[in-house]
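# Chains, contacts and geometry: an overview
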Amino acid sequence: MASSLAPLFRPRAVAVVGASDDPAKVGHALMRSLEGFPGPVLPVNPRAGTVGGRAAYPAVGDLPAGVDLAVLAVPAPAVPDVIEQCGAAGVGAAVVCAGGFAETGDAQRAALQQRVREAATEQGVRVLGPNTVGFVSPADGINATFVPEAGSIDAGPLAIVAQSGGMNLLLAFMAANGGLGLRLGVGLGNAADVGFADVLAFLADDDGAGVVALHVEGVADGRALVDAVRRVAIVKPVVALKVGRADLRDFAVSHTGNMIGSFDLTRAALTQAGAVVVDDPTELVDAARALTAARMPARADPGVALVTAQAGPGLVVADELRSRGVSIPAFTGATRARLADLLPPLTYQENPVDTARPGATLPAVVATVAADPSIDVVACFAIEEASAVDPTAVLRDVASSSVPVLFGTGGPAEAVGERSSQLAALGIPVFAAPERLARAVRALVADACGRHRLEHASPVATPGVGTEISGPMDEHDAKALLDDLGIATPARRMCAGRHDALAALAELGPPVVVKVLDPTLTHKTEAGGVVVGVRTEEALERALAAFDSAGFAGSAVLVEREAPPGPDLIVGALRDQAFGPTLVLGLGGTAAELAPPTAMRLLPLSGLDAIEMVRSLPAELREGFRGFAPVDEPELAEVLAGVGGVLASQPKIASIEINPLRIVRTGFLALDALVVTVGDERLDAAGSA
């Protein structure tokens, strides 16, 4: 609970267990770091009468009443006992700096961390760490880290929750260097007790925290993280950096599971929860600065106006925004008419607006585009020119506008620094490169879109399946399930032998596809279990003989009417180890594993989620690629809802995949389907499935 973290982050008195006068020891650095704490700092050291000029206590049990927090500088094996002593002494929280726990990969060290967790639970002590630098709370005057320099960070509205203590301090220093002060900076470390969800719950109720920044490495309980982010994002912006781009893992048997890496899924889940997901630490700090200055109302598709005094940098901004799907809408006729009065004839007066050089009419230009009904945020860029109009004077008039304004510039460092200070006083953040301005604007847009998504997150109705699914399913069974969901499949016949197959060919008419039916077989094509384009009885005989030669003698076969050509998609749902039921959409066919999924969402799925997934597909494909049929967006949304719904409602299904799902003139055809049930042996062969 959030209130249980008050002893940790708002302590009345702090004890340093393992305090030392030896400059080489962590206990000495901790004492130095806590010199600015306004309450009592009590060293605990059995061998010293004083530490740092303060009377030392020989043991935790000797501490006076009223100590809320103990910062531990003791060896890893001693930590569980010290936690127990803290509980007996009424100390409500502890920071464990020592490493040498589960992060080592050693089983005994992992067991030691489990003992820390158990001691914390039994004693009611909230534990930050182990293996953490600690936390910083400048507004409360507490630097509970072994980095004394962190005490120089000014108080401000930014809260940081980082898995890495080093990243916590790095981001805090970067923000401070950019003029953004810190409310709370927390390094979770191994998070044996206090984790993301706990700190986020605390920050959701903290009025002093204006923007929350997350640094995420691995996620054990993805649903808890997502739920916590969702609760915060409703009331204040959340910016998230997920690291580990190359960290792919197999967590399900189907192609869907093999394609999803924890990096992609975590980013998608955080976005779905309302967070602004960024690519690097600089973008995280810039996004936090922008969102501290302004937060737009919830919008489905916010409009951005760009006013640039130099075309080249303006093009960089516009390209960065448009390539990420940010809307730069056309102005109304009234806005264009006003711009024509304000700007010389040869300037570009659409959106973006190129003024050619900052001039006397620039204030009116900015005010005009900000007043356009399609515009929710204005981005301005102007290189520092001493002989040109003063941008600060220009922006002073629009600083109080309901439409936020962000400014980008370039020039001598001294001039840029002075401009930043001037505009900061007006509440306008300055970004010293066009791409940084664009990403800051994108953060405002992503935040507005994220809250709109949360406001429309009611689950979409999904068709049900009458019977409970429990055992292995071959392709025919899987397609029967799709038929029940209303997802079209090609006409097919299940055949026990040669006679049935010949009858199916005659009934369905050529060409047909012939497939081996085997619930244990995942990659039928690679195993030689699929023959396409079968038109004659002779060709069918050859296909069946080939199956026998490939080791499938005696297996049932599926004879299926061959589908017309068209682009292929993949739709899949699976139970991720960290995030639970998850839905995936991407480009399909035999090359599906070569490209990442286009979109992922956690289930249950909202109607807006489904449409967003569809619209994540390339525009050329959705509009009708190379003369093929365009994508029917509502129908594909229904397919997504059906696949997601059946996984959510059938606990025995581990994963379900349609690949390929072909786009045809009549809509969609599921050409292949794979359903893996819980306990299926294919779950133990994820690498080959």
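Residues numbered from 1 in each chain as written. Predicted model: local features only at pLDDT ≥ 70, side-chain atom pairs only at ≥ 80, totals over all residues. Heavy atoms only, no water.

Once that is clear, we can look at the packing of helix H3 (residues 79–88) against helix H4 (residues 107–123). Where H3 meets H4, the closest approach of the two axes is 9 Å, and the angle between their N-to-C directions is 5°. By the angle between their directions, the pair H3 and H4 is classed as roughly parallel. Across the interface between the two elements, Val79, Pro80, Asp81, Ile83, Glu84, Gly87 and Ala88 from H3 touch Leu112, Arg115, Val116, Ala119, Ala120 and Gln123 from H4. (Axes fitted to C-alpha atoms, helices over the stretch in contact; angles between N-to-C directions. Helix = DSSP H or I, 4+ residues; strand = E, 2+ residues; numbered from the N terminus. Parallel < 35°, antiparallel > 145°, perpendicular 65-115°, else oblique. Contact = heavy atoms within 4.5 Å.)

Now for the layout of surface pockets. Here the largest pocket defines a volume of roughly 1600 Å³. Along the wall of the largest pocket there are 40 residues; nearest its centre are Thr271, Arg324, Gly325, Arg453 and Arg601. Mapped onto the lining of the largest pocket, the elements with two or more residues apiece are helix H9 (262–272), strand E14 (276–278), helix H16 (434–455), strand E26 (599–602) and helix H20 (607–615). Per element, the largest residue contribution to the lining of the largest pocket is 9 residues, and it comes from H16. Split by residue class, the lining of the largest pocket holds 18 nonpolar, 8 polar and 14 charged. (1 Å grid on protein atoms, 1.4 Å probe; cavity = no way out; pocket = protein on both sides within 12 Å on 5 of 7 lines; lining within 4 Å. Points joined across faces, edges and corners; volume = space filled by probe spheres on them. Nonpolar A, V, L, I, M, F, W, Y, C, P; charged D, E, K, R; others polar.)

Okay, the nonpolar core next. One finds Leu8, Phe135 and Leu214 to be the most contacted residues of the largest nonpolar core, which totals 59 residues. With 6 residues, helix H7 (residues 222–233) is the single largest residue contributor to this core. Residues in contact with leucine 214, not counting those within four places in the same chain, are Val161, Phe196, Leu200, Val229, Val238, Val239, Ala240, Leu241 and Leu284. Listed in part, the 48 residues of the second largest apolar core include Leu169, Val285, Ala290 and Val317. (Core = buried A, V, L, I, M, F, W, Y, C linked by side-chain atoms within 4.5 Å. Buried < 20%, exposed > 50% of the residue type's maximum accessible area, 1.4 Å probe, protein only.)

Looking now at the environment of threonine 361. Looking at where threonine 361 falls in the secondary structure, it is placed in the loop between strand E16 (353–354) and helix H13 (362–370). Once the C-alpha coordinates of threonine 361 and glycine 218 are considered, the two residues, 143 residues apart in sequence, prove to be 51 Å apart. Once residues lying within four places of it in the same chain are set aside, the contact partners of threonine 361 are Leu342 and Leu343. A polar atom in the side chain of threonine 361 sits 3.0 Å from the backbone oxygen of leucine 342. (Polar contact = N/O pair within 3.5 Å; in protein donor to acceptor, adjacent residues only side chain to side chain.)

This next bit is on the sheet that holds strand E10 (residues 155–162). Sheet strands associate in pairs through backbone hydrogen bonding, adopting either a parallel or an antiparallel arrangement. If you trace the 7 strands from one edge of the open sheet to the other, you get E9-E8-E11-E10-E12-E13-E14, paired in mixed fashion. One side of each edge strand has no neighbouring strand; the edge strands of this open sheet are strand E9 (142–145) and E14. Neighbouring strand axes in the sheet, compared pairwise and without regard to direction, differ in orientation by 15° on average. Pairing between E10 and strand E11 (residues 182–187): 6 bridges, direction parallel. If you follow valine 161 over to E11, its bridge partner there is valine 186. Packing against the sheet, helix H5 (residues 165–177) makes contact with strand E8 (134–137), E10, E11, strand E12 (211–216) and strand E13 (238–242), and its axis sits at approximately 155° to E10. Against the sheet, H9 engages E12, E13 and E14, with an angle of about 175° to E13. (Pairing = 2+ DSSP bridges.)

The final tally for this structure, using the stated rule, is 2 aromatic pairs. Ring centres of phenylalanine 9 and phenylalanine 135 lie 5.0 Å apart, and the angle between their planes is 85°; this geometry places the pair in the edge-to-face category. Of the two residues, phenylalanine 9 is situated in helix H1 (residues 6–9) and phenylalanine 135 in strand E8; the sequence distance between them amounts to 126 residues. Phenylalanine 135 matches phenylalanine 9 in its accessibility class, with the two residues each being buried. Where phenylalanine 9 meets phenylalanine 202, the ring centres are 5.2 Å apart and the plane angle is 55°; that geometry is what we call tilted. (Phe/Tyr/Trp six-rings, centres within 6.5 Å; stacked < 30°, edge-to-face > 60°.)

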